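# Observations on the three-dimensional arrangement
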Amino acid sequence: MTGPAKSELRAESIDAPGPGQVLVRTLYSAISRGTESLVFHGRVPPSEHARMKGPHQQGEFPWPVKYGYCNVGVVEDGEASLRGREVFCLYPHQTRYTVAADSVVPLPAGLPASRAVLAANMETAINGLWDAQLGIGDRVGVIGAGVVGCLVAYLAARVAGCEVQLIDLDERKRAVADALGVPFRSPEEASGELDRVIDTSGSPAALSRALELAGAEATVVEMSWFGDRPATLSLGGAFHSRRLRIISSQVGAIPLPRRARWTYRRRLELALRLLADDALDALLDGDSRFEDLPQTMAQVTKSDAFVLCHRVVYG
């Protein structure tokens, strides 16, 4: 990414892998539309430049910067135990790269590489539900049927006894919800008195609706990141009398109750295992060639684009 809504492909030399390293040839990457749109359009506020830096990012915000974190490839050289293995890595869009061997996670047996690009989004969904502290039988509303919202609803619906609604303005998302086995509701149709409301929409207006849907003493989890956009929220009305709680969730930190036992790698391994369901292919709604990535990025990050997970295909 080289400027406001601009990007280009650049050649880069890579070193042969040394001890403890691997050379990976990329098979697929994916555009994480929410975060990459903010980066692409220069909407990462200066206060967050350090915290938003990707694991293998090159350059500094705002530009030029090589950014991305949904990369699936095959190990071509390096550590003998990993050669020939398909792996996931939090690496930007690039045809080949050399990284530390412990930066890649082998795919579980049977998981298609083409679906494994969802791993970073699944990690985010896992973290959001940990932060929500979901309980058996809870009534749950998930606002925003993007990839993360769909995955949050998918996981929540598999907690014993939970009643889950996936809430979105766009009726086109109904088919995706059906494929995932989750009831779809428009904001007007959504049932209230919920135990947990999880917002993944990226819309300040949706957070206001989340407060309206929350029952007494309920928790609202805000998973959206607004970048440099302000969010106006009315905390009058029944907010205090109903003793509602708003908490943030961000994938960069494992929730404190789990931090002593869970590592980032363990969480990513879990995310990959949870992608074993063929139904999750419903979230993969577009492919383009790596050679076309600059044009694809401009299209996918448009505010009115109908995009879930857009894959980039290599080779």
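## What to know about the state of the cysteines
Counted under the stated rule, the structure contains 0 disulfides. Looking at C89, it has no disulfide partner, and the nearest cysteine sulfur is the one in C70, 11 Å off. For C162, which is in no disulfide, the shortest distance to another cysteine sulfur is to C150 and amounts to 17 Å. For C162, a relative accessible area of 12% corresponds to the buried category.

## So, the layout of surface pockets
A probe as big as a water molecule, rolled over the atoms, marks out the empty space that is left. The computed volume of the second largest pocket comes to approximately 610 Å³. Forming the walls of the second largest pocket are 24 residues, and the residues nearest its centre are E8, L9, R10, K66 and H93. For the lining of the second largest pocket, the class distribution of residues is 12 nonpolar, 7 polar and 5 charged.

## A closer look at the nonpolar core
If you look at the biggest cluster of nonpolar residues, it comprises 75 residues, and the most contacted ones within it are L272, L280 and L283. Among the elements that take part in this core, helix α4 (residues 147-156) stands out by supplying 9 residues, more than any other. Setting aside its immediate chain neighbours within four residues, L272 contacts F88, V105, P106, L107, P108, L111, A116 and A119. If you look at the next biggest cluster of nonpolar residues, it comprises 15 residues, including I167, A206, L211 and L213.

## Structural notes on the packing of aromatic side chains
Here the structure, examined in full by the defined rule, presents 5 aromatic pairs. Among the aromatic residues, those joined into a ring-pair cluster are F61, Y67 and Y69. The ring of W262 has R266 lying over it, and the distance from NZ or CZ to the ring centre is 3.5 Å.

## Overview of unusual backbone geometry
Going from F61 to P62, the amide bond is cis rather than trans, its omega being 5°. Within the secondary structure, P62 is located in the loop between β2 (58-59) and β3 (65-66). The step from W63 to P64 runs through a cis peptide bond, and the omega angle for that step is -15°. Relative to the helices and strands, P64 is located in the loop between β2 and β3. In this model, A5 sits at a positive phi of 55°, which is unusual for a non-glycine residue. The phi torsion at R243 lies on the positive side, around 55°, for a residue other than glycine. By the element assignment, R243 lies in the loop between β12 (214-222) and β13 (245-248). For R243, a relative accessible area of 57% gives the class exposed.

About the criteria used
Residues numbered from 1 in each chain as written. Predicted model: local features only at pLDDT ≥ 70, side-chain atom pairs only at ≥ 80, totals over all residues. Heavy atoms only, no water. Disulfide = S-S within 2.5 Å. Buried < 20%, exposed > 50% of the residue type's maximum accessible area, 1.4 Å probe, protein only. 1 Å grid on protein atoms, 1.4 Å probe; cavity = no way out; pocket = protein on both sides within 12 Å on 5 of 7 lines; lining within 4 Å. Points joined across faces, edges and corners; volume = space filled by probe spheres on them. Nonpolar A, V, L, I, M, F, W, Y, C, P; charged D, E, K, R; others polar. Core = buried A, V, L, I, M, F, W, Y, C linked by side-chain atoms within 4.5 Å. Helix = DSSP H or I, 4+ residues; strand = E, 2+ residues; numbered from the N terminus. Contact = heavy atoms within 4.5 Å. Phe/Tyr/Trp six-rings, centres within 6.5 Å; stacked < 30°, edge-to-face > 60°. Lys NZ or Arg CZ within 6 Å of the ring centre and 35° of its normal.

That's the geometry; what it means functionally is another story.
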